[in-house]
Amino acid sequence: MKSIQINLENGDVELIGMDAIELAMLERLSGVSRDKGSDRFLQPDPMDPGDDSPEARDLRDDWMNLVVPELLDHFDAQISKVAADLDARVPGECGDEFLVGFGDHGELPELGGHCNVRIPREHVEDWYGALNQARLALDARYDLSGEIEPVGALETQSPAWRQAWFHSRFYGMLQMPLMEVMQRFSGLPDDGESRSPFD
Amino acid sequence: MPGAQIMCIAIDPQGEPGTVVLDAPRTRTGVPWSVIIHDDPVNTIDYVVLTIRRIFGYGKDKAFKLTMEVHHKGRSAVWAGAKEKAEMFVHQLHAAQLQASLERAGE
């Protein structure tokens, strides 16, 4: 990717000069986010896991029946918006046509041209959420949160682990400018005072 | 009725006429519930601060303090009050992909 541009007036974000590998990683978001490890955020426990009281069991049942379907709809909508923005991509500054042929899981796509992807302000939080889903699922499945020391130790990990690690790092990198937009356009006061009636 | 206190009143068949035995209340009304945010290895401090501010209306300093408590201690009780409201907040936190739960305050 050549650059990430934030429009400071309207909050739109543009990913400039994405290559085929980067696009492929984004197009895998839906598969990654629903792979093993996704239960943690798709079916969260509203009570302490050690609480097996009748009250806790009742609330868990309610959560599964009433809350979890809503969460799934919400999370699916985030991924759909990312997919729509990716579909609307335009040829990038290098100008070449994109070669479509991303191969199977684990294979490198054919390298071709570049593209620009525009993330409108109203989709920024959906992108953040979709990228987060993928990182949560990858971390739960592959345990990526530990530090890799020395850096060369990355080579000792399995190919699947390394791929998950690179995907997670890429998604996290993209979240940073999106967080910048979310903070700038949050509408929250930039002071230490609370506006909460609950204080 | 949510929050209503229910007491069992039984007439003691062995006792004098008019003797009433009161059981302990079936529900502990008035006990507030806490909303707990749990640490996770993915969500950033900035995101947790922003989410807390949005959901609970806290100022930047308070939200940051609570977030750092999550980060250092693994969890933080960020709000306490009625159970129904606590459930609503946990729902919102789950929608924001934070790990959250509710428990009786003081437990």
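Every value quoted in this text rests on a predicted model; they were computed, and no experiment measured them.

Asker: Describe the packing of helix H4 (residues 54-87) of chain A against helix H3 (residues 83-95) of chain B, naming the residues involved and giving the relevant values.
Answerer: Between H4(A) and H3(B), whose axes approach to 10 Å, the crossing angle comes to 40°. Here H3(B) runs oblique to H4(A), going by the angle between their axes. For the pair H4(A) and H3(B), the sense of crossing is right-handed. Contacts between H4(A) and H3(B) involve A:Glu55, A:Leu59, A:Trp63, A:Val67, A:Glu70, A:Leu71, A:His74 and A:Phe75 from the first element and B:Lys83, B:Glu87, B:Val90, B:His91, B:His94 and B:Ala95 from the second. Counted by class, the contact of H4(A) with H3(B) contains seven nonpolar, three polar and four charged residues.

Asker: Tell me what's going on with the sheet that holds strand S2 (residues 13-18) of chain A, and back it up with residues and numbers.
Answerer: Across a sheet, paired strands are connected by hydrogen bonds in the backbone, their directions being either parallel or antiparallel. All names here are of chain A. Taken together, the four strands give an open sheet; going across it, the order is S1-S2-S4-S3, and neighbouring strands pair in antiparallel fashion. Each edge of the open sheet carries a strand with a single partner, namely strand S1 (3-6) and strand S3 (90-91). Of the pairings in the sheet, the one linking S1 to S2 comprises four bridges and is antiparallel in character. By the bridge assignment, glutamine 5 is partnered in S2 with glutamate 14.

Asker: Describe the sheet that holds strand S4 (residues 75-81) of chain B, with residues and values.
Answerer: Residues and elements named next belong to chain B. Overall, antiparallel pairing links the three strands, which are arranged S4-S3-S5 in an open sheet. This sheet does not close on itself; its edge strands, each paired only once, are S4 and strand S5 (99-104). With direction set aside, neighbouring strand axes in the sheet form an average angle of 25°. Against the sheet, helix H2 (residues 60-73) touches strand S3 (33-38) and S4, its axis set at about 135° to S4.

Asker: Go over the packing of aromatic side chains with me, naming the residues and quoting the values.
Answerer: Taken as a whole and judged by the stated rule, the model has seven aromatic pairs over all chains. With a centroid separation of 4.8 Å and 25° between ring planes, the pair formed by A:Tyr128 and B:Tyr47 is classed as stacked. Here the residue A:Tyr128 occupies a position in helix H5 (residues 124-142), and B:Tyr47 occupies one in helix H1 (residues 45-56), the pair thus bridging two chains. Members of the aromatic cluster, connected to one another through ring pairs, are B:Phe56, B:Tyr58, B:Trp79 and B:Phe89. Between B:Lys62 and the ring centre of B:Tyr58, over which it is positioned, the NZ or CZ distance is 4.2 Å.

Asker: Pulling in residues and values, what's your account of the pattern of salt bridges?
Answerer: Counting across every chain of the model gives 14 salt bridges over all chains. Ionic contacts of the salt-bridge type, sharing partners, join the residues A:Glu55, B:Lys83, B:Glu87 and B:Arg104 into one network.

Asker: Any chance you could break down the interface of chain B and chain A for me, citing the residues and the numbers?
Answerer: By convention, interface size is frequently given as the accessible area that disappears when the constituent parts associate. Tallying the contact residues gives 34 residues for chain B and 39 residues for chain A. Summing both partners gives a buried area of about 3000 Å² for chain B against chain A, and 56% of it is carried by carbon and sulfur. Its largest share of buried area at the contact with chain A, chain B owes to B:Val42, B:His94 and B:Gln97, together 22% of the area lost on that side. For the interface between chain B and chain A, the tally reads three salt bridges. Two residues, A:Glu125 and B:Arg54, come together in a salt bridge whose shortest N-O distance is 2.5 Å. Scanning the region where chain B abuts chain A turns up twelve residue pairs in polar contact (both at pLDDT 80 or more). Contributing elements (two or more residues each) for the side of chain B that touches chain A: H1, H2, S4, H3 and S5 of chain B. Here the side of chain B that touches chain A takes eight residues from H3(B), the largest share from any one element.

Here is what the cut-offs are and how they apply
Residues numbered from 1 in each chain as written. Chains lettered and ligands numbered in written order. Predicted model: local features only at pLDDT ≥ 70, side-chain atom pairs only at ≥ 80, totals over all residues. Heavy atoms only, no water. Axes fitted to C-alpha atoms, helices over the stretch in contact; angles between N-to-C directions. Helix = DSSP H or I, 4+ residues; strand = E, 2+ residues; numbered from the N terminus. Parallel < 35°, antiparallel > 145°, perpendicular 65-115°, else oblique. Left-handed = near helix turned anticlockwise from the far one by under 90°. Contact = heavy atoms within 4.5 Å. Nonpolar A, V, L, I, M, F, W, Y, C, P; charged D, E, K, R; others polar. Pairing = 2+ DSSP bridges. Phe/Tyr/Trp six-rings, centres within 6.5 Å; stacked < 30°, edge-to-face > 60°. Lys NZ or Arg CZ within 6 Å of the ring centre and 35° of its normal. Salt bridge = Lys/Arg side-chain N within 4 Å of Asp/Glu carboxyl O. Buried area = accessible area lost by both parts, 1.4 Å probe. Polar contact = N/O pair within 3.5 Å; in protein donor to acceptor, adjacent residues only side chain to side chain.

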